[in-house]
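Spelled out, the chains give:
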Amino acid sequence: MKIENRGGKMKVMTVFGTRPEAIKMAPIVKAMEKEERIENIVCVTAQHRQMLDQVLNIFDIEPDFDLNIFKPGQTLTEITTKALEGLEKVIIENKPDLLLVQGDTTTVFAGALAAFYQKVKIGHVEAGLRSGNLYSPYPEEANRKLTGILTDFHFAPTEKNRENLLKEGYPDEKIFITGNTVIDALFHVVKDKYIFNDELLDSIDFENRKVILMTSHRRENIGKPMENIFTAIKRIVEAHEDVEVVFPIHLNPKVRDIAYKVFDNHPRIHLVEPLNYEPFTNLMAKSYLVVTDSGGLQEEAPSLGKPVLVVREETERPEGIVAGTAKLVGTNEEKIYKEINMLLNEKEKYLKMSNAVNPYGDGKAAEKIVDIILQKLD
Ligand code: UD1
Ligand code: UDP
């Protein structure tokens, strides 16, 4: 199917495939829908299926093209080749003036490469993040760098991201500091006095319990590091009667196997299905602290004033650490245990980390990105 160009508008195709890309692309899609000079074409690879559809529903986005590439247990090569093949067809038929990708997943790299092969201009949203280690996060650090090489417009969330790109030799006039669109999405869904309409979540006494929200899914953590993280959490719950854990588990069966093995039905550790974006972020807003290896959570938690312990060896998001809300604690069981224990026992240290700061943007990143697109493509 081909989308006809209505009245000489500029055609912008957004391509995304996973949960975090959808969340962060949604504010841009919505902003472009309102802009009459833009013909907005949404193409999802569906690298994720259920976790992508959850976000499409929440933001009321109906893709024009759905490549439906998802397969349980998919390999990186399968995602790359299926996405490339599907995108080639859609790009040739629709000839966009600009193709937007977001972040660092395999869909992002395949999207940029598919556009490059057709000589279509590329905008990279969330450009310039670097951990400095090609294998951590894996394969995301490589995806970002490979995408950067092909990009015409780098939409960098922070000054630090801009500096990373300048260091790699990208010209300043192609880099635009915009903030991260995840903050736009977050402001859209977090509410005062939120009710979950979920038996378990509504039954948690957030006033008198210290609720730890945790997520973990990174490929490089799967195996021993993830076992360490989960064991530290379990020990914490056993040592503190007033602590409760909510862990919406990623659908990756490798993550699930480790979680079920370590946690074995503890009454104060709630292993739940991936939550919709609205309940998830409101759960974060009500929690005591966050333990995660996720990228998006490192950006959202500071905005909500929640201390976040990052269970990874490196991070490409140092801004939260500089602001004092995030701490990189690695994947050593004892270290994670001690750091959580400290935040539970030492009020002063906890309060120091729980200031709401916004190093990742002011909630207007999508607007800025659309303005730049209009200026540059006009
Ligand atoms: C991908 C991204 C990662 C991102 C993460 C967000 C790559 C290489 N990795 O990792 O950067 O942080 O998404 O969550 O692009 N699954 C389902 N249903 C779904 C989604 C996943 O069943 O809706 C299961 C499947 O068994 C799948 C596995 O999870 O094989 C892993 O999914 P995949 O997209 O390959 O990688 P993620 O680990 O999700
Ligand atoms: N998220 C969600 N439901 C969940 C867990 C996470 O909506 O059960 C959101 C979270 O708020 C963040 C994004 O998903 O915006 C992070 O996705 P993920 O951790 O899968 O990927 P990453 O950010 O690490 O690439």
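The structure displayed is predicted, hence computed values, not measured ones.

Helix and strand content of the protein chain: 16 helices and 13 strands. Relative to the compact-globule value of 21 Å for 378 residues, the protein chain shows a C-alpha radius of gyration of 20 Å, a close match. Expressed along its principal axes, the backbone C-alpha trace of the protein chain runs to roughly 65 × 40 × 40 Å. Across the 378 residues in the protein chain, those meeting the buried criterion constitute 58%. Restricting to contacts in the protein chain with at least 6 residues of sequence separation, those with at least 24 account for 68%. For the protein chain, the computed accessible surface area is about 16,000 Å², with 49% contributed by carbon and sulfur atoms. In the protein chain, 49 side chains carry a positive charge and 59 a negative one; their mean positions are 2 Å apart.

Spatially, 6 strands are ordered β10-β9-β8-β11-β12-β13 in an open sheet, and the strand pairing comes out parallel. Looking at the sheet topology across the chains shown, the edges are occupied by β10 (269-272) and β13 (326-328). Neighbour-to-neighbour, the strand axes of this sheet turn through a mean angle of 20°, independent of strand direction. Judged from the 4 bridges that link them, strand β9 (residues 243-248) and β10 form a sheet pairing that is parallel. Across the sheet, residue P248 finds its bridge partner in β10, namely V272. Contacts between helix α11 (residues 277-286) and the sheet are confined to β8 (210-215), β9 and β11 (289-292), with β8 contributing the most and set at about 135° to the helix. Contacts from helix α14 (residues 333-345) reach β8, β9, β11, β12 (308-310) and β13 within the one sheet, and its direction differs from that of β12 by about 170°.

A cis amide bond links S136 to the next residue, P137, at an omega of 0°. When you line up the elements, P137 lands in the loop between β5 (121-125) and α5 (140-150). Omega for the peptide link from Y138 to P139 comes to 5°, which places this bond in the cis form. Backbone geometry places E126, a non-glycine residue, at a positive phi of 70°. Position of E126 among the secondary structure elements: in the loop between β5 and α5. Positive phi, normally seen in glycine, also occurs at K193, with a value near 50°. For K193, a relative accessible area of 80% puts it in the exposed group.

Next up on the list: the site of ligand 1. As a structural note, the neighbourhood of ligand 1 is formed by 26 residues, with Q47, H48, G73, T106 and E140 the closest of them. In the model, an oxygen atom of ligand 1 is placed 2.9 Å from a nitrogen or oxygen of the Q47 side chain. Between ligand 1 and R219, the relevant distance is 3.3 Å, taken from an oxygen atom to a side-chain nitrogen or oxygen of the residue. Bound to the protein, ligand 1 loses 95% of the 750 Å² it would expose on its own. Of all the elements in the fold, those that place two or more residues in the shell around ligand 1 are α2 (50-58) and α3 (76-94). Taken together, the residues that form the shell around ligand 1 break down as 9 nonpolar, 11 polar and 6 charged.

A few words on the pattern of salt bridges. Any two side chains of opposite charge can pair if their charged atoms end up close together. Tallied over the entire structure, the rule returns 30 salt bridges. Here K24 ties to E299 by a salt bridge, and the two come within 2.9 Å at their closest N and O atoms. Note that K24 is positioned in helix α1 (residues 19-33) and E299 in helix α12 (residues 295-303), a separation of 275 residues in sequence. Overall, K24 belongs to the buried group, its relative accessible area being 4%. When the shortest N-O distance is used, the salt bridge between R130 and E168 registers 2.7 Å. Taken together, the residues R130 in the loop between β5 and α5 and E168 in the loop between α6 (159-167) and β7 (175-177) connect sequence positions 38 residues apart. One salt-bridge network, in which partners are shared between bridges, spans K24, D104, E126, E141, R144, E299, R312, E316 and R317.

Another point: the UniProt feature "domain: UDP-N-acetylglucosamine 2-epimerase" (unreviewed entry) in the protein chain. Here, UniProt's "domain: UDP-N-acetylglucosamine 2-epimerase" (unreviewed entry) annotation points to residues 30-373. The span residues 30-373 is 46% helical and 15% strand by assignment, and the distance between its end C-alpha atoms comes to 14 Å.

What follows is about the packing of aromatic side chains. Taken as a whole and judged by the stated rule, the model has 11 aromatic pairs. Judged by centre distance (5.7 Å) and plane angle (5°), the rings of Y135 and Y138 are stacked. By relative accessible area, which is 59% here, Y135 ends up exposed. An aromatic cluster is built from F153, F155 and F176, whose rings are joined through pairwise contacts. Across the ring face of Y337, the terminal group of R235 is positioned such that the distance to the ring centre comes to 4.1 Å. The residue whose ring lies beneath K286 is F206, and the NZ or CZ to ring-centre distance is 5.9 Å.

Take the layout of surface pockets next. Over the atoms, a rolled probe matching the size of one water molecule traces out where space is still vacant. When its volume is computed, the second largest pocket comes out at roughly 290 Å³. P27, K30, K34, D184 and H188 are, among the 13 residues lining the second largest pocket, the residues nearest its centre. Secondary structure elements with two or more residues in the lining of the second largest pocket: α1, α7 (181-189) and α16 (365-377). Top contributing element to the lining of the second largest pocket by residue count: α1, with 4 residues. Broken down by class, the residue content of the lining of the second largest pocket amounts to 6 nonpolar, 2 polar and 5 charged.

Criteria and cut-off values
- Numbering of residues begins from 1 in every chain and follows the order in which that chain's sequence is written.
- Lettering of chains starts at A and numbering of ligands starts at 1, both following the order in which they are written.
- The predicted nature of this model means local features are confined to residues of pLDDT at least 70 and side-chain atom pairs, given and counted, to a pLDDT of 80 or more, with totals for whole chains, interfaces and linings taken over all residues.
- Each side-chain value is worked out from all heavy atoms of the structure, with water and hydrogens disregarded.
- Here a strand is any run of E in DSSP of at least two residues, a helix any run of H or I of at least four, and the numbering for each starts at the N terminus.
- All radius of gyration figures rest on C-alpha atoms, and the globule criterion is 2.2 Å times the number of residues raised to 0.38.
- Exposure categories follow from relative accessible area, calculated using a 1.4 Å probe and restricted to protein chains: below 20% of the type maximum is buried, above 50% is exposed, and the middle band is partly exposed.
- Note on contacts: a residue pair qualifies if any of its non-hydrogen atoms lie within 4.5 Å across the two residues.
- Surface exposure here means Shrake-Rupley accessible area, sampled with a 1.4 Å probe, where a residue is shielded only by the protein chains that are shown.
- Lys and Arg are tallied as positive, Asp and Glu as negative. Neither His nor the chain termini are counted.
- Where a charge lies is defined by one atom per residue type: Lys uses NZ, Arg uses CZ, Asp uses CG and Glu uses CD.
- Strand pairing is defined by DSSP finding a minimum of two bridges between the two strands.
- To define axes, lines are fitted to C-alpha atoms, for helices over the stretch in contact only, and angles between the resulting N-to-C directions are given on a 0 to 180 degree scale.
- Residues are labelled near a given molecule or strand when at least one of their non-hydrogen atoms is within 4 Å of it.
- For the purposes of these results, a polar contact is taken to be a pair of N or O atoms within 3.5 Å, where, inside protein, one atom must be able to donate a hydrogen and its partner to accept one; residues adjacent in sequence count only when each atom of the pair is a side-chain atom.
- Each residue receives one of three labels: charged for Asp, Glu, Lys and Arg, nonpolar for Ala, Val, Leu, Ile, Met, Phe, Trp, Tyr, Cys and Pro, and polar for the others, Gly being one of them.
- Salt bridge, as applied in this entry: a Lys or Arg side-chain nitrogen positioned within 4 Å of an Asp or Glu carboxyl oxygen.
- UniProt positions are given in the numbering used here, feature names are shortened, and annotations may be inferred rather than shown by experiment.
- Put simply, two rings from Phe, Tyr or Trp (the six-membered ring, in Trp's case) pair if the centres are within 6.5 Å, and we call them stacked under 30 degrees between planes, edge-to-face over 60, tilted for the rest.
- A ring has a charge above it when a Lys NZ or an Arg CZ is no more than 6 Å from the ring centre and no more than 35 degrees off the ring normal.
- Cavities and pockets were defined on a 1 Å grid built from protein atoms only: a cavity is a group of points that admits a 1.4 Å probe but offers it no way out, a pocket is an open group of points flanked by protein on both sides within 12 Å along at least five of seven lines, and a lining residue is one with an atom within 4 Å of any such point.
- Grid points are joined across faces, edges and corners, and a volume is the space filled by probe spheres set on the points.

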